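Single-letter residue listing:
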Amino acid sequence: MWQRSILGRTVRSVHLIHMCVVPISCTSIQRHHSMGKERGGARPKGPPHVSPKQSPAVQEISGRDLFTVTEVLSSKEASCIVEYAESLGLTHQSSRGPKFGEAFRDNDRVSIQDQAWADTLWTALGLQGTLGRDPTTGAQPVGLNPNLRFYRYRPGQRFGRHIDESNDLGGGKFTLYTVLIYLSTPGEGGETVFYNRGKRLAAVSPRTGLALLHRHGRDCLLHEGAEVAAGEKWVLRSDVVYA
Ligand SMILES: O=C(O)CCC(=O)C(=O)O
């Protein structure tokens, strides 16, 4: 009896400690996003804070044309970005398909235009040192495309084979690399798969906080976002801007 009551007390105190744990909330950077909808006077929060990373670890898949960088975001930062994207509201994306020259597409997406957050991310991700001068044009990497896109794939969804175009942003600025930052680790599937001359070159498994960079435009490899089999795949998509 005595022993049982001691055990009972122990269990109760563990329970109390558990109840006192307060989840750390996502701190948004202190400004409000211009595209957000106002509901009942409440303005939506700005994008979440992302802290600078010290020494990102680069893993080359095909030299600096295709590589990954580990842990550019912490899992807390990634989940706060997902929460932020959800608060903006995603819309379903589809296409007419390859018969009409369009990649098959089935996912949900929202995009923002935010130069300040793109600059914050560029600094925080620590990618400056991983990309050098473009040998063809002599241009230098200067930041991320302020057009930031958030993708969500649920089981059964995918993005068919395609190539990414380079964008002319004006003022001598253009994009040369696609940047995909995985914001979640799906249960199964969802790899970003690359092909070279009809053969499968590499499949990158989405992992929270991992960044995948590949050259686009003229040198873009054919690639796809494979079907997600379990869980949700979230991606933050931008491009590296050169000038
Ligand atoms: O979601 C993926 O894995 C691929 C996304 C992609 O190919 C793109 O944004 O161009």
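Before reading on, note that the structure itself is shown above.
Residues numbered from 1 in each chain as written. Predicted model: local features only at pLDDT ≥ 70, side-chain atom pairs only at ≥ 80, totals over all residues.

1. Details of the environment of Gly129
In step 1: Of note, Gly129 is situated in the loop between helix H3 (115–125) and strand E5 (141–144).
In step 2: Gly129 sits in the exposed class, given 10 other C-beta atoms within 10 Å.
In step 3: Taking C-alpha positions, Gly129 is 9.5 Å from Pro141, a pair spaced twelve residues apart along the chain. (Helix = DSSP H or I, 4+ residues; strand = E, 2+ residues; numbered from the N terminus. Buried ≥ 20, exposed ≤ 12 C-beta atoms within 10 Å, placed from the backbone.)

2. As for the nonpolar core
In step 1: Ranked by internal contacts, the top residues of the largest apolar core, which has 41 residues, are Ile81, Val179, Ile181, Leu183, Ala211 and Val235.
In step 2: With near-sequence residues (within four places) excluded, Ile181 lies in contact with Val72, Leu73, Ala211, Val235 and Leu236. (Core = buried A, V, L, I, M, F, W, Y, C linked by C-beta atoms within 7 Å. Contact = placed C-beta atoms within 7 Å.)

3. Brief notes about the site of the ligand
In step 1: Inspection of the region around the ligand gives Tyr151, Phe159, Asp164, Thr178, Leu180, Thr192, His223, Gly225, Val235 and Arg237 as its neighbouring residues.
In step 2: Elements with a minimum of two residues in the shell around the ligand: strand E9 (173–182), strand E14 (222–225) and strand E16 (233–242).
In step 3: Taken together, the residues of the shell around the ligand break down into four nonpolar, four polar and two charged. (Near = placed C-beta within 6 Å. Nonpolar A, V, L, I, M, F, W, Y, C, P; charged D, E, K, R; others polar.)

4. Brief notes about unusual backbone geometry
In step 1: Residues other than glycine seldom take positive phi values, yet Glu71 does so here, at roughly 50°.
In step 2: As for its position among the elements, Glu71 is in the loop between strand E2 (66–70) and helix H2 (75–88).
In step 3: Residue class for Glu71 comes out partly exposed when judged on the 16 C-beta atoms lying within 10 Å of it.
In step 4: Positioned with a positive phi, Arg197 is a non-glycine residue whose angle comes to about 50°.
In step 5: Structurally, the position occupied by Arg197 is in the loop between strand E11 (192–196) and strand E12 (199–204).
In step 6: The exposure class of Arg197 is exposed, given the 7 C-beta atoms found within 10 Å.

5. Brief notes about the environment of Arg133
In step 1: Here Arg133 is to be found in the loop between H3 and E5.
In step 2: For the pair formed by Arg133 and Ala243, sequence separation is 110 residues and the distance between their alpha carbons is 9.6 Å.
In step 3: Residues within four places of Arg133 in sequence aside, it is in contact with Gly138, Ala139 and Gln140.

6. Overview of the pairing of strand E6 (residues 147–153)
In step 1: When you tally the buried positions in E6, you get five out of seven residues, the bulk of the element.
In step 2: Bridge analysis of strand E4 (residues 105–113) against E6 gives six bridges, and the strand direction is antiparallel. Across the sheet, the residue bridging to Asp108 is Arg152, located in E6.
In step 3: Pairing between E6 and E16: five bridges, direction antiparallel. The residue of E16 that forms the bridge with Tyr153 is Lys233. (Pairing = 2+ DSSP bridges.)

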